[in-house]
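Analysis of the macromolecular model
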Amino acid sequence: PPWVKCARFKERGEANGGNASCVFAVGTGEKKVRLYDTRVNKRATMEMEYGEAAVNSVTFSSVDEHRMFAADSRGKCCAIDLRTSKVCGAIRGNSGSVREIEAHPTLDLVATVGLDRYVRVYDGSNRKCLGAAYAKQNLTCVAWDAFEEDRNRKKKKKKKKKNRNNDDDDVVGNLPKKRKKKKKKSKSF
């Protein structure tokens, strides 16, 4: 049996008729990445040799259904093309063991964390580092706040709605108002 270090299901999507959750990837301690499809059989549909160390984390791209990412315990992070079963590019900048790699649920971004104490964010398509943050401690997992975008959208909608209401008030408020004439009081001494 394989020495499984990590496993990740492919998110259910429109691709493959909504049956994408039947596909999952496994990273092993024998330096291999395997892809399984439960609809086909119990054996791996794809198996590739990966790097010089145990594979610690795998994740699927949410933007490109034919791309996944893998990271090992020596700091190697790569994008893998699922059609050709080959590495299509390296993610550079990590030093030390990468403990987790995570793809953004809606954008083409990838985050990595590891024992070098940095959180790094990369562009998923060209694999360039967009930013890094030092965390002062060894990191073992990373997660995206996918709900932040939803909150921002809701805030924008509320602001637009509020602005529309204010605009309506301004139209009413801009009508000429009738001014009361002040009567001058005569002073008598």
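This text gives an overview of the structure that appears in the document. (Residues numbered from 1 in each chain as written. Predicted model: local features only at pLDDT ≥ 70, side-chain atom pairs only at ≥ 80, totals over all residues. Heavy atoms only, no water.)

Topic: the overall build of the protein chain
Going by this rule: Going along the chain from the N terminus, every DSSP run of H or I of four or more residues is numbered as a helix, and every run of E of two or more is numbered as a strand. Buried, partly exposed and exposed residues are distinguished by accessible area as a fraction of the type maximum, computed with a 1.4 Å probe on protein chains only: under 20%, between the cut-offs, and over 50%, respectively. Using a 1.4 Å probe, the Shrake-Rupley method yields the accessible areas, and only the shown protein chains count as cover for residues.
A count of helical and extended segments in the protein chain gives 1 helix and 12 strands. Relative to its full complement of 189 residues, the protein chain shows a buried share of 35%. With the model as given, the accessible surface of the protein chain reaches about 13,200 Å², and the carbon-plus-sulfur share is 50%.

Some remarks on the packing of aromatic side chains
The criterion, for reference: Pairing of aromatic rings covers Phe, Tyr and Trp, the last counted by its six-membered ring, and requires centre-to-centre distances within 6.5 Å; plane angles under 30 degrees mean stacked, over 60 mean edge-to-face, and any other angle means tilted.
Inspection of the entire model under this criterion finds 3 aromatic pairs. Aromatic side chains Phe24 and Tyr36 sit 5.2 Å apart centroid to centroid with 15 degrees between the ring planes, which places their arrangement in the stacked category. On the criterion of sequence distance, the pair formed by Phe24 in strand β2 (residues 23–28) and Tyr36 in strand β3 (residues 32–37) is long-range, its members being 12 residues apart. Exposure class is identical for Phe24 and Tyr36. Each is buried. One aromatic cluster in this structure is built from Phe9, Phe24 and Tyr36.

Some details on the sheet that holds strand β7 (residues 77–81)
In plain terms, the rule: Any two strands with at least two DSSP-identified bridges between them are counted as paired. Angular values range over 0 to 180 degrees, each being the angle between N-to-C directions of two axes fitted as lines to C-alpha atoms, with helices fitted over their stretch in contact.
Read from one edge to the other, the open sheet built from 4 strands follows the order β5-β6-β7-β8, with strand pairing classed as antiparallel. In this open sheet, the two edge strands, each paired with only one partner strand, are β5 (55–60) and β8 (86–91). Between one strand axis and the next, the sheet turns by 25 degrees as a mean value, whatever way the strands run. In terms of strand pairing, β5 meets strand β6 (residues 67–72) through 5 bridges, oriented antiparallel. Directly across from Val55, in β6, lies its bridge partner Asp72.

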